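As a plain string of letters, each chain reads:
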Amino acid sequence: MNLSKSKILSYRQCPKRLWLERYQPQLAETSDEADASFTRGHLVGEVARQLYGPGELLFDQGQPDYEAALGRTRAHLTARKPQTLFEAAFVADKVYVMADVLRLTAAGAAITEVKSSGEVKDYHLEDCATQRHVIERAGLKVRRMYLAHINKHFVYRGDGDYRGLLTQVNIAARLKPLQELAPKWIAGAKRTLNADKPDIAPGPQCTEPFECPFHAHCNKAADGYPVGILPRISRKRIEDFAARGITDLRQIPNGELRNEAHERIRVASVRGKAVFDRGAAAPLAGLPYPRFYLDFETINPAVPVWAGTRPFQQIPFQWSLHIQTGAGRRLEHAEFLDLSGADPARAAMTQLLAAVGRKGPVFVYSDFEARVLRDMSMLLPDLAPRLEALRKRLVDLLPITKVAYYHPGMMGSWSIKAVLPTVAPDLSYENLGEVQDGGGAQRAFEEATDPATTPARRAELRSALLRYCGQDSLAMVRLAQFLQRRAR
């Protein structure tokens, strides 16, 4: 046993990822999103066992024993009686898989694979194709194959009633062509592990279908400005460039890139310095005061926590608001953070509306805050008119920055964390401690609202959350000042 479903998926994303997972795992940098995804999957699995039960759990994530799970599975299959098994384990051709829900009936075996996403995705089908192939190679004929995913329209009624949270889809027909490929994937993965490290340049595969934990390592190892840092460039385009001996942006001939953002990145990389469009940033100077700079932190559980909320709904538990009452005047600051564990939405929105008043531009970075405000308008209909009025005041700095500014140090990204070091290096997220991004904020919120968390630890988390969210809104102040200053 040296492969698993997840390892086959790693191979399908990038053979180099699989090789590094096996031989150099210490180079991995697990993202907060990956940790959150694991936790989300675990919680959805628990709910699935309630909905598909009663049944017997054969594998305990808290005390993983793969050999024991295989033995328990064999014993239950030998019994040849109708039953429902959770996390039944199988191995064939040195590939190990587990079935989330295995129902043994007189009509045969039916498997339901449970996913914590809101739809069936292509890699889910590949995952299930590998699973079915291995299980049938292990000797169990699978008669029916389903995939259960989150029903995004489900509204939680409260009291632990999650009936309707999962939507089950029959995927048997969609798996047939993929099952023929599964043996080839397995063979390819084995060849990869028996060879030297693959030489694969960074590209779209680094983030699709999910962030690779070796993304940072591969980009650091790459010299110069790899073609793959161009946003949304296709893998085929990267391969076409490579076939011509072009692996660095600076090698691309002038005028060949038709995408304006791609060309801006190329020009800055060639020049080795920032490029700036004064006209794109000029409108900022005409905006009135007071000016507000708003950042939300939210929690979006796949399994809703509070009655009346939906899966993946972004519920704000924190905001930071920096305020400029006039040019050159001292910044003011307001903030909100609720770690009580109760639904924070109403208090967050009520206090925000009081802090922003009824006039003045409200700067944000991306459309995230607009989407949250729109969602809150539906969740809190009595506040909807004022929330909609606030949403119309938003000024998104991201599209302005994308057109106005690019620095080679941003390495193809306009995320606030890529832009900020090039305009305000004194504001470092690395110095913030354990909460350095949105995923970390979510994890801190979950820990802080856990009844088992001590008051001292909760105070630490509160302090870390306030520092992080405060820096996000302050970063927008510094960015807007930079853009406006350079536009003169």
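Description of the structure in this document. Position labels on residues start from 1 in each chain and follow its written sequence. It should be noted that, the model being predicted, local features are given only for residues of pLDDT at least 70 and side-chain atom pairs only at 80 or more, the latter also being counted only at that level, while totals for whole chains, interfaces and linings use all residues. Heavy atoms throughout the structure, all of them, feed into the side-chain values; hydrogens and water do not.

## A closer look at the overall build of the chain
Where we set the bar: A run of H or I in DSSP counts as a helix once it spans at least four residues, and a run of E counts as a strand once it spans at least two, with each numbered from the N terminus. Here the globule rule reads 2.2 Å times residues to the power 0.38, and the radius of gyration is calculated from C-alpha atoms. Categorising residues by exposure relies on relative accessible area from a 1.4 Å probe, with only protein chains included: less than 20% of the type maximum marks a residue as buried, more than 50% marks it as exposed, and the intermediate range marks it as partly exposed. Should any heavy atoms of two residues lie within 4.5 Å, those residues are considered in contact. Only the protein chains shown count as cover for residues, with accessible areas throughout obtained via the Shrake-Rupley method and a probe of 1.4 Å. Here the positive residues are Lys and Arg and the negative ones are Asp and Glu; neither His nor the chain ends is included. All charge positions are set by atom: Lys at NZ, Arg at CZ, Asp at CG, Glu at CD.
The helix and strand inventory of the chain stands at 18 helices and 14 strands. For the chain, whose C-alpha radius of gyration is 25 Å, the value lies close to the compact-globule estimate of 23 Å for 488 residues. Based on the C-alpha atoms only, the size of the chain along its principal axes is roughly 80 × 60 × 40 Å. By residue count, 50% of the 488 residues in the chain fall in the buried class. When contacts within the chain are restricted to residue pairs at least 6 apart in sequence, those whose partners lie at least 24 apart make up 68%. Within the structure as shown, the chain displays about 23,400 Å² of accessible surface, and the carbon and sulfur contribution to it stands at 50%. Here the chain holds 67 positive side-chain charges and 55 negative ones, and the gap between their average locations is 4 Å.

## Focus on the packing of aromatic side chains
Working definition: an aromatic ring pair is given by the centre-to-centre distance plus the angle between the planes. Heads up, the rule is: Working definition: a ring pair exists when centres of Phe, Tyr or Trp rings (six-membered ring for Trp) sit within 6.5 Å. Plane angles under 30 degrees give stacked, over 60 give edge-to-face, the rest tilted. Working rule: Lys NZ or Arg CZ, within 6 Å of ring centre, within 35 degrees of ring normal, means a charge sits over the ring.
By the definition in use, this model includes 14 aromatic pairs. With a centroid separation of 4.2 Å and 25° between ring planes, the pair formed by Phe-317 and Phe-445 is classed as stacked. One end of the pair, Phe-317, is in strand 10 (residues 315-324); the other, Phe-445, is in helix 17 (residues 438-448), with 128 residues separating them in the sequence. Each member of the pair, Phe-317 as well as Phe-445, carries the same accessibility label: buried. Here the aromatic cluster, defined as three or more aromatic residues joined through ring pairs, consists of Phe-59, Tyr-66 and Tyr-96. Taking NZ or CZ as reference, Arg-291 lies 4.4 Å from the ring centre of Tyr-289, over its face.

## Focus: helix 5 (residues 122-137)
For clarity, the cut-off: Here a helix's expected span is defined as the number of its residues, less one, multiplied by 1.5 Å.
The terminal C-alpha atoms of helix 5, which comprises 16 residues, lie 23 Å apart, in line with the 22 Å expected from a rise of 1.5 Å per residue. Extensive coverage of helix 5 is indicated by the burial of twelve of its 16 residues. Positive backbone phi, approximately 115°, marks Gly-139, located one or two places after helix 5.

## Observations concerning the sheet that holds strand 10
Defined as follows: We call two strands paired when DSSP finds no fewer than two bridges between them. Here, axes are lines fitted to C-alpha atoms. For helices the fit covers the stretch in contact, and angles between N-to-C directions go from 0 to 180 degrees.
Judged by pairing direction, the sheet is mixed, and its five strands sit side by side in the order 11-10-9-12-13 without closing on themselves. Sheet topology places strand 11 (332-337) and strand 13 (394-396) at the edges, where each strand pairs with a single neighbour. Across the sheet, the mean angle separating the axes of adjacent strands is 25° when strand polarity is ignored. Bridge count for strand 9 (residues 291-299) against strand 10 is nine bridges, and the pairing is antiparallel. When the sheet's bridge partners are listed, Glu-297 is paired in strand 10 with Gln-318. Of the strands in this sheet, strand 9, strand 10 and strand 11 are in contact with helix 12 (residues 345-356), which crosses strand 10 at around 10°. Each of strand 9, strand 10, strand 12 (362-364) and strand 13 is contacted by helix 13 (residues 368-379), which is oriented at about 70° to strand 9, the strand it contacts most.

## Describing empty space enclosed by the protein
The line we're drawing: Only protein atoms enter the calculation, which uses a 1 Å grid: trapped sets of points that fit a 1.4 Å probe without letting it out are cavities, open sets showing protein on both sides within 12 Å along at least five of seven lines are pockets, and any residue with an atom within 4 Å of a point is a lining residue. Grid points are joined across faces, edges and corners, and a volume is the space filled by probe spheres set on the points. Three classes are used: nonpolar for Ala, Val, Leu, Ile, Met, Phe, Trp, Tyr, Cys and Pro, charged for Asp, Glu, Lys and Arg, and polar for all others, with Gly counted as polar.
The full count for this structure, using the stated rule, is one cavity of 30 Å³ or more. Along the walls of the largest cavity sit 13 residues, with Cys-14, Gln-205, Cys-206, Cys-212 and Cys-218 positioned nearest its centre. Among the elements of the structure, helix 2 (15-23) and helix 8 (215-221) are those that each provide at least two residues to the lining of the largest cavity. Along the lines of polarity and charge, the residues of the lining of the largest cavity split into eight nonpolar, three polar and two charged.

## Some words on the environment of Pro-226
On the secondary structure map, Pro-226 appears in the loop between helix 8 and helix 9 (235-243). Measuring from C-alpha to C-alpha, the distance between Pro-226 and Gln-251 comes to 9.9 Å, with 25 residues separating the pair along the chain. In this view, Pro-226 contacts Thr-247, Leu-249 and Met-411; residues no more than four positions away in its chain are not counted.

## As for the pattern of salt bridges
In plain terms, the rule: When a carboxyl oxygen of Asp or Glu is within 4 Å of a side-chain nitrogen of Lys or Arg, the pair counts as a salt bridge.
This model, assessed by the stated rule, comprises 24 salt bridges. Taking the shortest distance from any N to any O, the salt bridge between Arg-163 and Asp-161 comes out at 2.8 Å. Look at the salt bridges and you will find they share partners, linking Lys-5, Glu-113, Lys-115 and Asp-127 into a network.

## Notes on the packing of helix 17 against helix 18 (residues 455-487)
Keep this limit in mind: Angular relationships are summarised with four words: roughly parallel below 35 degrees, roughly antiparallel beyond 145, roughly perpendicular across 65 to 115, and oblique for the angles in between. The hand of a helix crossing depends on one turn: near helix anticlockwise from the far one by less than a right angle means left-handed, and clockwise means right-handed.
Two elements in contact, helix 17 and helix 18, have axes whose closest approach is 10 Å; the angle formed by their N-to-C orientations is 155°. Between helix 17 and helix 18, the interaxial angle falls into the category roughly antiparallel. The interaxial crossing formed by helix 17 with helix 18 has left-handed handedness. Along the contact surface, helix 17 presents Gly-438, Ala-441, Ala-444, Phe-445, Glu-447 and Ala-448, while helix 18 presents Arg-457, Arg-458, Leu-461, Leu-465 and Tyr-468. When the residues that make up the contact of helix 17 with helix 18 are grouped by side-chain class, the tally is seven nonpolar, one polar and three charged.

## Re the environment of Asn-219
Structurally, Asn-219 is set in helix 8. The sequence separation of Asn-219 and Pro-202 amounts to 17 residues, and the corresponding C-alpha distance is 6.4 Å. Among all residues touching Asn-219, those that are not within four sequence positions of it are Pro-202 and Ile-229.

## Notes on the nonpolar core
Threshold: Here, nonpolar core means buried Ala, Val, Leu, Ile, Met, Phe, Trp, Tyr and Cys residues that are tied together by side-chain atoms lying within 4.5 Å of each other.
Formed by 88 residues in total, the largest nonpolar core has its most connected members in Phe-296, Trp-319, Met-349, Tyr-365 and Leu-483. Looking at this core, the element that brings in the most residues is helix 18, giving twelve residues. Excluding its chain neighbours within four sequence positions, the residues that come into contact with Trp-319 are Leu-294, Asp-295, Phe-296, Ala-334, Glu-335, Phe-336, Ala-348, Gln-351, Leu-352, Ala-355 and Cys-469.

## Examining the pairing of strand 9
With nine of nine residues buried, strand 9 is to be regarded as a mostly interior element. Both faces of strand 9 are covered, namely the face carrying Arg-291, Tyr-293, Asp-295, Glu-297 and Ile-299 and the face carrying Phe-292, Leu-294, Phe-296 and Thr-298. Alignment of strand 9 against strand 12, held across two bridges, turns out to be parallel. Bridge pairing in strand 12 links Tyr-293 to Phe-363.

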